[in-house]
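Chain and residue survey
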Amino acid sequence: MLHAVIMAGGSGTRFWPASRNALPKQLLALSGERTMIQATSDRLEGLVPAERRMVLTNQALVSAVLEQLPEFPNQNVVGEPCKRDTAPCVGLAAAMIARKDPEGIMAVMPSDHVIGTPDRFRDAIRAGEKLVQEDASRIVTFGIKPSYPAESFGYIERAEPLQAAGVAAFQVARFREKPDRLTAQQYLSSGSFYWNSGIFLWRASTILDALKSHQLEMYEHLDRIAQAMETDKFQETLAVEFAAIKGTSIDYAVMESYPNVAVIEAPFEWDDVGSWQALERLNPSDEHGNTVVGSHYAIDTKGSIIFGQPGHAIVTIGIEDMIVVQTPDATLVAPKSAEERVREAVRLLLESNRNDCL
Ligand SMILES: Nc1nc2c(ncn2[C@@H]2O[C@H](COP(=O)(O)OP(=O)(O)OP(=O)(O)O)[C@@H](O)[C@H]2O)c(=O)[nH]1
Ligand SMILES: O=P(O)(O)O[C@H]1O[C@H](CO)[C@@H](O)[C@H](O)[C@@H]1O
């Protein structure tokens, strides 16, 4: 059976000051009415019933997630005791699924992507499910045609074509997580690489086997958690064993070295909404190239991103290519070219003991 696993334990640092520890990016409506996690669950309608959808998030966010996703059974929102990146999250979800459904296939996805064409997304997942059914050890990825030499994505090199219903699918020659700019440029020029969308399909048992061969120590912790499932020692074991895991992403932990990977060329529109400039791609801009969410009065302002609360008037004079974000207790003003440095701003506030605005 097909299960869906939504990863929602990230902090969305690059969307500070809108994204906060208590209400990170995935729980915000940055594009449209629904929050990002709600839109992620909505897109599974007709593909995976709510009983087979799971969210893995940080323990402190479980009740906020359940509030936003009332269709989810309580036990399907799992709280991680600490942040350990995506590999332990995937491993824990796989162990839970494999226990109930040993043959289960899981579609793993981030909680904070915008996918403009949900029908095509569902078709692609169905096609991927068939590829996994045909070959139990196969991992299926979804590749996005790259448009610039991004250093913040994984890259997937395609090899020979595979037979798949209604989609272009290929065997993968190699997977390389976040290459440097020069390497990314070479990949882009070669024309045979995709960006990794961060969405994966595999049998729960296959990814557990992969973690066992590539990350034995992590697997042993996860296995101890699995042994305690459905016993009264579960929460205690989870707290101890999960915290003892050395955190890493599934991309470094498994994908870079796994030998049997297929890629489906994503037939859907995709945006990973990584940082503030995503707002320009997701919203219309005015005649001066400004993207505005909130109440903005512009004098000689061009190419800027303005995000504020509806009742709060933001006035800008003589600025170009800037990001201005207003929230009740914190404001960000930065050139668009420095958007990745929002991480530094968050670090600075942390070091300055300003947890009140993080
Ligand atoms: N359950 C779980 N999900 C995670 C964890 N780390 C990241 N994620 C999720 O995995 C997806 C990809 O993560 P990132 O793009 O790195 O997101 P992020 O950490 O929120 O964003 P930045 O802090 O701006 O890098 C998002 O949906 C995150 O919510 C984790 O430790 N546990
Ligand atoms: O955790 P990060 O930094 O968002 O990277 C992950 O998601 C990227 C797509 O958003 C992928 O391109 C990466 O390979 C990785 O899966």
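Every value quoted in this text rests on a predicted model; they were computed, and no experiment measured them.

1. A look at unusual backbone geometry
Residue Pro 17 is reached from Trp 16 by a cis peptide bond, and omega for that bond is 5°. Mapped onto the elements of the fold, Pro 17 is located in the loop between β1 (2-8) and α1 (36-42). With a phi close to 40°, Lys 178 is a non-glycine residue in the positive phi region. Following the sequence through the fold, Lys 178 ends up in the loop between β8 (169-177) and α5 (181-190). Phi is positive for Glu 230, close to 60°, though the residue is something other than glycine. Residue placement: Glu 230 occurs in the loop between α7 (216-228) and α8 (234-243).

2. Section: the pattern of salt bridges
If you walk through the whole model with that rule in mind, you get 21 salt bridges. Here Glu 265 makes a salt bridge to Lys 145, at a shortest N to O gap of 3.6 Å. With Glu 265 in strand β10 (residues 261-265) and Lys 145 in the loop between β6 (139-144) and β7 (154-162), this residue pair connects regions lying 120 residues apart in the sequence. Judged by relative accessible area, Lys 145 falls into the exposed class, the value being 59%. For Arg 181, the salt bridge goes to Glu 151, with nearest N and O atoms at 4.0 Å. You can see Arg 181 sitting in helix α5 and its partner Glu 151 sitting in the loop between β6 and β7, a full 30 residues away along the chain. On the basis of relative accessibility, which here comes to 40%, the residue Glu 151 falls in the partly exposed class. What you see here is one network of salt bridges that share partners, running through Glu 45, Arg 53 and Glu 71.

3. Focus on the UniProt feature "domain: MannoseP isomerase/GMP-like beta-helix" (unreviewed entry) in the protein
When the UniProt feature table is mapped onto this chain, "domain: MannoseP isomerase/GMP-like beta-helix" (unreviewed entry) is found at residues 295-348. Between the end C-alpha atoms of residues 295-348 there is a gap of 29 Å, over a span that is 13% helix and 43% strand.

4. Quick word on the side chain of Thr 117
As for its position among the elements, Thr 117 is in the loop between β5 (114-115) and α4 (118-134). For Thr 117, a relative accessible area of 13% corresponds to the buried category. Excluding anything up to four places from it in sequence, Thr 117 contacts Pro 267, Phe 268 and Glu 269.

5. Notes on the site of ligand 2
In the vicinity of ligand 2, the residues found are His 113, Phe 153, Gly 154, Glu 177, Lys 178, Asn 196, Ser 197, Gly 198, Asp 251, Trp 270 and Asp 272. In the environment of ligand 2, an oxygen atom lies 2.9 Å from a nitrogen or oxygen atom belonging to the backbone of Gly 154. Here Glu 177 contributes a side-chain N or O atom positioned 2.6 Å from an oxygen atom of ligand 2. For ligand 2, whose accessible area on its own is 380 Å², the fraction buried by protein is 78%. Counting residues per element, the shell around ligand 2 draws most heavily on strand β9 (residues 193-203), at three residues. A breakdown of the residues in the shell around ligand 2 according to their chemical character gives two nonpolar, five polar and four charged.

6. Describing the confidence of the model for the protein
In low-pLDDT regions, the fine details of the predicted coordinates are not to be read closely. Confidence in the prediction for the protein averages 97 pLDDT; 100% of positions are at 70 or higher. Predicted complex metrics record ipTM = 0.97 and pTM = 0.96.

7. Points about the site of ligand 1
Close to ligand 1 lie 21 residues; Met 7, Gly 9, Gly 12, Thr 13 and Glu 80 are nearest. Between ligand 1 and the protein, one listed contact pairs an oxygen atom with a backbone N or O atom of Met 7 at 2.8 Å. At 2.9 Å, a side-chain N or O of Arg 14 approaches an oxygen atom of ligand 1. Burial of ligand 1 by the protein amounts to 87% of the accessible area it has alone, namely 620 Å². Residue composition of the shell around ligand 1, by class: five nonpolar, nine polar and seven charged.

Cut-off values and rules
- Residues numbered from 1 in each chain as written.
- Chains lettered and ligands numbered in written order.
- Predicted model: local features only at pLDDT ≥ 70, side-chain atom pairs only at ≥ 80, totals over all residues.
- Heavy atoms only, no water.
- Helix = DSSP H or I, 4+ residues; strand = E, 2+ residues; numbered from the N terminus.
- Salt bridge = Lys/Arg side-chain N within 4 Å of Asp/Glu carboxyl O.
- Buried < 20%, exposed > 50% of the residue type's maximum accessible area, 1.4 Å probe, protein only.
- UniProt positions renumbered as here; feature names shortened; annotations may be inferred.
- Contact = heavy atoms within 4.5 Å.
- Near = heavy atom within 4 Å.
- Polar contact = N/O pair within 3.5 Å; in protein donor to acceptor, adjacent residues only side chain to side chain.
- Areas by Shrake-Rupley, 256 points an atom, 1.4 Å probe, with all protein chains shown as cover.
- Nonpolar A, V, L, I, M, F, W, Y, C, P; charged D, E, K, R; others polar.
- pLDDT = per-residue confidence, 0-100.

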